[in-house]
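Residues per chain, in single letters:
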Amino acid sequence: VRQHPTYWFNDGSIVIRSRSVSNGEICFKLHESLLRRQSCFVQRTLDSGTSADSEVLIPPELGVQVQDFTALLEHLYHDTPLSAEAPFSHVAAILRVSSPDQLDLPSVHMLARAYFVSMFPQGPQPFAHPSSHLEEALALVQSYQIPSIRKGIYYSLVTTSEFEPEDDDLDLENSIKLNGLPGSSSTPRLILPPTDVELCRSLMTGIVEHFTPVLFTPPATPHMACTNIFADKWMSLVITPAIRNSGVCKPLEMLEQIKQIDWAAEGLCVACVREKTQEWTQEQEDVWEKMDSWLNPEG
C-alpha cells in the first residue's frame with residue numbers, strides 16, 4: 001500500500017483506495033465534499049454504509065486505472081483541467097473514469113465527451129485527419145456510443161493507417177491472451193478487433209469502387225473549349241498526383257486538391273470553374289453520405 005505522491009492532502013477527509021495489477025494498492029487522501037458532490041459512485045458508497053468511515057475502496061471489477069483516476073484528480077483540483085488544448089490521453093482518461101460504469105461523474109463526463117468529440121472531424125469539408133490515437137478513439141466511440149465522429153475515425157483509419165493486423169501483431173495478441181504477458185519489451189501498437197478490420201475493408205472497397213471512375217474520367221462542361229482543357233490537363237494535374245499519393249483511396253482530400261487547382265489560369269472560363277467546383281463539393285458530400293452504407297455492409 002502506497003500513498004500517492006501528489007494527491008495525499010494532510011487536510012483531506014476521505015481516503016480512496018485503488019488497486020491495480022501493475023501498481024498494487026495506492027491510497028489518495030482527498031476532500032470528501034468535493035468527491036461526494038461530483039461522483040455518484042462515491043456518494044452511493046458512503047451513503048450505503050458498506051465502507052469504513054471516510055474510506056472508499058474502488059472495486060477492481062470497475063476497471064479504474066490509477067493513471068485515469070489521477071488524471072481525474074488533476075482536473076478536479078485544477079492542476080490540469082479539461083480544455084481545448086488538453087492532450088488526447090488526458091481527455092480519454094477522464095472520459096473513461098468519469099463514465100457511469102466507473103466512478104460516475106455526470107457533469108465531468110459530459111465535459112470530457114464534448115472535448116473528445118471536438119478532436120475529430122464530423123463532415124466532409126474541410127477534413128483534417130487526427131494525427132494519432134485512432135484505434136483508442138474508435139474503442140471509446142464504441143464504448144460510449146458517440147456516433148457523430150465514428151465515420152470520420154473509420155475514414156482516417158482507412159486512409160492514414162495500416163489497419164490490417166500484421167503477423168507480429170497477431171502473435172503478440174495471442175501471447176497476451178495465453179500468458180497475460182506481452183511478448184516483447186517494446187510497446188505494441190493497438191490492434192483493431194476483427195469486426196472493425198472487416199468494416200475498414202468494406203469502407204476501403206466502397207471508396208475505391210466509387211471514386212476510381214470519378215478520378216480517372218476528365219469532366220465534361222457545357223463549353224467544348226473547356227472540356228478540351230480538362231482532357232489535356234487532367235492527366236498531369238490530377239491523375240498523376242493521385243497515383244503518386246494513393247489519391248484513389250482518399251476521395252475527400254483528392255477532391256479538395258482538385259478544387260484548389262487554378263483552373264482559370266489553365267484556361268477554363270469563370271462559369272465552368274464555378275460549376276465544377278460546386279460539383280466537386282457535392283461529390284465530397286456524396287462520398288461522405290455513401291460511407292454510411294459502406295460501413296454497414298449488411299444493411
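Residues numbered from 1 in each chain as written. Predicted model: local features only at pLDDT ≥ 70, side-chain atom pairs only at ≥ 80, totals over all residues. Heavy atoms only, no water.

In the nomenclature of an unreviewed UniProt entry, the chain is known as BTB domain-containing protein of Suillus placidus.

Participant: Hey, could you run me through helix H3 (residues 66-76) in this one?
Facilitator: Quick reminder: α-helices carry 3.6 residues per turn. Residues three or four places apart thus point the same way. Among the 11 residues that make up H3, nine are buried, leaving the element largely enclosed by the rest of the structure. Turning to H3, its buried residues number three or more, namely Val66, Asp68, Phe69, Thr70, Ala71, Leu72, Leu73, His75 and Leu76. Note on H3: the residue one or two positions beyond its end, His78, has a positive phi of about 65°. (Buried < 20%, exposed > 50% of the residue type's maximum accessible area, 1.4 Å probe, protein only. Helix = DSSP H or I, 4+ residues; strand = E, 2+ residues; numbered from the N terminus.)

Participant: I would appreciate a short explanation of helix H6 (residues 134-144) in the present structure.
Facilitator: Looking at H6, one finds that the buried residues are Leu134, Glu135, Ala137, Leu138, Leu140, Val141 and Tyr144. Considering only its buried residues, H6 is in contact with helix H4 (88-97), helix H5 (106-118), helix H7 (150-160) and helix H9 (194-216). One or two positions beyond H6, positive phi appears at Gln145, with a value near 50°. (Contact = heavy atoms within 4.5 Å.)

Participant: Would you explain the nonpolar core in this entry?
Facilitator: Looking at soluble globular proteins, one finds that nonpolar side chains tend to be buried together. Core analysis: the biggest nonpolar cluster contains 66 residues, and Phe28, Leu30, Phe69, Leu72, Leu103, Phe116 and Ile153 have the highest contact counts within it. Among the elements that make up this core, the one with the highest residue count is H4 (seven residues). Residues contacting Ile153, with those up to four places away along its chain left out, are Phe120, Leu134, Ala137, Leu138 and Val141. Leu215, Trp234, Ala242 and Cys272 belong to the second-largest nonpolar core, a separate cluster that totals 17 residues. (Core = buried A, V, L, I, M, F, W, Y, C linked by side-chain atoms within 4.5 Å.)

Participant: Just to check I follow, could you spell out the confidence of the model for the chain for this structure?
Facilitator: Low-pLDDT stretches of the model should not have their predicted coordinates read in fine detail. Per-chain confidence: the chain averages 88 in pLDDT, with 88% of residues scoring 70 or above. Scored below 50 in pLDDT, residues 168-188 makes 14 contacts in the model with residues more than four places away or belonging to other chains. (pLDDT = per-residue confidence, 0-100.)

Participant: Honestly, the packing of H7 against H9 in this entry has me stumped. Any pointers?
Facilitator: Two quantities define a packed helix pair, namely the angle between the axes and the distance from one axis to the other. Relative to each other, H7 and H9 sit at 80°, their axes nearing to 10 Å. In terms of their interaxial angle, H7 and H9 are classed as roughly perpendicular. When H7 is examined against H9, the residues Arg150, Tyr154, Tyr155, Leu157 and Val158 are found in contact with a partner set consisting of Asp196, Leu199, Cys200, Leu203, Met204 and Ile207. (Axes fitted to C-alpha atoms, helices over the stretch in contact; angles between N-to-C directions. Parallel < 35°, antiparallel > 145°, perpendicular 65-115°, else oblique.)

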